[in-house]
Amino acid sequence: MREFDANGLELASFQGELFEQSIKACGESSPVFLRRFFLSDYAATLDDGDSSIQSLDFNEAFESIQRQYGPSQYGKGKYSSEGMYWLGYFARYVCYTRELSSRAFYRLFDVKDIYSLYESYHTQSEEWCLAHLLAKNGYTEATLNKNQRLLEALRAESNLSL
């Protein structure tokens, strides 16, 4: 586990603001934006975890995602700006501290479900939220450990081949 330092705080704040600004800057619905973001090459650059070598520019982020996926007006549901900020901040906190890729985060957790927890979770610490989110999904902290996930996949594969 990596310490949540000033660099992590800068990345989490940036991602929170990016999600918040997506409501007005992007034509697609919030769920579509979230899927595109978490699976994007841009999100992968944030996963590197070093804000000093990355451009933290909102327009560049939106343009990068649009170049990758094309323009979209798909969907109508827009989430609240506060909920989007919290979701972005929390997701980057988890990805940064657990050294988890955005793609892996998106595959492990239903972001619509996380957004729905905003009202009850946003006043709690990130660690409290993560512990409760893990429990809610039947996961443990080991689930976030890449080596543990690989080991479990290898064990499952070896049991299938017996």
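Please refer to the structure placed before this passage.
Conventions and cut-offs
- Counting starts from 1 at the beginning of each chain's written sequence and moves along it residue by residue.
- Predicted model: local features are reported for residues with pLDDT of at least 70 only, side-chain atom pairs are reported and counted for 80 or more only, and whole-chain, interface and lining totals are derived from all residues.
- Calculated side-chain values reflect all of the structure's heavy atoms, with hydrogen atoms and water omitted.
- Put simply, DSSP H or I for four residues or longer makes a helix, DSSP E for two residues or longer makes a strand, and each gets a number counted from the N terminus.
- For the radius of gyration, the atom set is restricted to C-alpha positions; the globular benchmark scales as 2.2 Å times the number of residues to the power 0.38.
- The nonpolar core is taken to be a set of buried Ala, Val, Leu, Ile, Met, Phe, Trp, Tyr and Cys residues, with the residues joined through side-chain atoms within 4.5 Å.
- Between buried and exposed lies partly exposed: a residue is buried under 20% and exposed over 50% of the maximum accessible area for its type, with that area taken using a 1.4 Å probe on protein chains only.
- The contact criterion used throughout is that any non-hydrogen atoms of two residues lie within 4.5 Å.
- Patch definition: residues with relative accessible area over 30% and no salt bridge; like charges joined within 9 Å; nonpolar side chains (Val, Leu, Ile, Met, Phe, Trp, Tyr) joined within 5 Å.
- What sets the accessible areas is the Shrake-Rupley method with a 1.4 Å probe; for residues, cover comes only from the shown protein chains.
- One speaks of a salt bridge when a side-chain nitrogen belonging to Lys or Arg is within 4 Å of a carboxyl oxygen belonging to Asp or Glu.
- Under this rule, positive means Lys or Arg and negative means Asp or Glu; His and the chain ends count for nothing.
- Note on charges: their place is set at NZ of Lys, CZ of Arg, CG of Asp or CD of Glu.
- Side-chain rings of Phe, Tyr and Trp, where Trp is taken by its six-membered ring, are said to pair if the distance between their centres is within 6.5 Å; with planes under 30 degrees apart they count as stacked, over 60 as edge-to-face, and otherwise as tilted.
- Placement of a charge over a ring requires the Lys NZ or Arg CZ to be within 6 Å of the ring centre, with the centre-to-atom vector within 35 degrees of the ring normal.
- Fitting a line to C-alpha atoms yields each axis, with helices limited to the stretch in contact; the angle taken between N-to-C directions then spans 0 to 180 degrees.
- For a crossing to be left-handed, the near helix must be turned anticlockwise from the far one by less than a right angle; the clockwise case is right-handed.
- As a working rule, the residues Ala, Val, Leu, Ile, Met, Phe, Trp, Tyr, Cys and Pro are called nonpolar, Asp, Glu, Lys and Arg charged, and the rest polar, with Gly in that last group.

Enquirer: Would you mind showing me how to read the overall build of the protein here?
Expert: Counting its secondary structure elements, the protein contains 10 helices and 0 strands. Of the regular secondary structure in the protein, the N- to C-terminal order runs α-α-α-α-α-α-α-α-α-α. Here the C-alpha radius of gyration of the protein, 16 Å, is about what a compact globule of 162 residues would show, namely 15 Å. Projecting the C-alpha coordinates of the protein onto the three principal axes gives extents of approximately 50 × 35 × 35 Å.

Enquirer: Would you mind showing me how to read the nonpolar core here?
Expert: The nonpolar side chains of a soluble globular protein tend to be buried with one another. By size, the foremost hydrophobic cluster in this structure holds 42 residues, and its most contacted members are Phe 33, Leu 34, Phe 37 and Phe 105. It is helix 5 (residues 81-97) that provides the largest number of residues to this core, a total of 9 residues. Setting aside chain neighbours within four positions, we find Leu 34 in contact with Phe 19, Tyr 79, Met 84, Leu 87, Tyr 106 and Val 111.

Enquirer: Can you walk me through a negative patch on the surface in this structure?
Expert: Residues Glu 17, Glu 20, Glu 82 and Glu 119 make up a contiguous surface patch of negative charge. If you trace the backbone, Glu 119 turns up in helix 8 (residues 118-121).

Enquirer: Would you mind going over the packing of aromatic side chains with me for this structure?
Expert: The description of an aromatic ring pair uses the distance of the two centres, along with the angle that the planes make with each other. The tally for this structure, following the rule as stated, stands at 19 aromatic pairs. A centroid spacing of 5.5 Å and a plane angle of 25° characterise the contact between Phe 38 and Phe 105, whose relative ring orientation is stacked. Placement of the pair is Phe 38 in helix 2 (residues 30-38) and Phe 105 in helix 6 (residues 102-108), with a sequence separation of 67 residues. Of the two residues examined, Phe 38 and Phe 105, each falls in the buried class. Grouping aromatic residues by their ring pairs yields a cluster made of Phe 19, Phe 33, Phe 37, Phe 38, Phe 62, Phe 105, Tyr 106, Phe 109 and Tyr 139. Over the aromatic face of Tyr 96 sits the side chain of Arg 2, whose NZ or CZ is 4.1 Å from the ring centroid.

Enquirer: Help me understand the packing of helix 1 (residues 6-25) against helix 5, please; the structure alone is not making it clear to me.
Expert: In a pair of packed helices, the angle between the axes and the distance between the axes together describe the arrangement. Relative orientation of the contacting elements helix 1 and helix 5 amounts to 145°, with a least axis distance of 7 Å. In the crossing of helix 1 with helix 5, the sense of the turn from one axis to the other is right-handed. Looking at the contact of helix 1 with helix 5 residue by residue, the classes come out as 12 nonpolar, 8 polar and 3 charged.

Enquirer: I'm lost on the side chain of Thr 143 in this one. Help?
Expert: By the secondary structure assignment, Thr 143 is in the loop between helix 9 (126-136) and helix 10 (146-160). Residue contacts for Thr 143: discarding those within four places in its chain leaves Leu 108 and Arg 149.

Enquirer: How should I be thinking about the side chain of Arg 98 in this particular structure?
Expert: Within the secondary structure layout, Arg 98 lies in the loop between helix 5 and helix 6. When its relative accessible area of 9% is taken as the criterion, Arg 98 is described as buried. Every residue in contact with Arg 98, bar those within four places of it in the chain, is listed here: Met 1, Tyr 93, Glu 127, Leu 130, Glu 141 and Leu 144.

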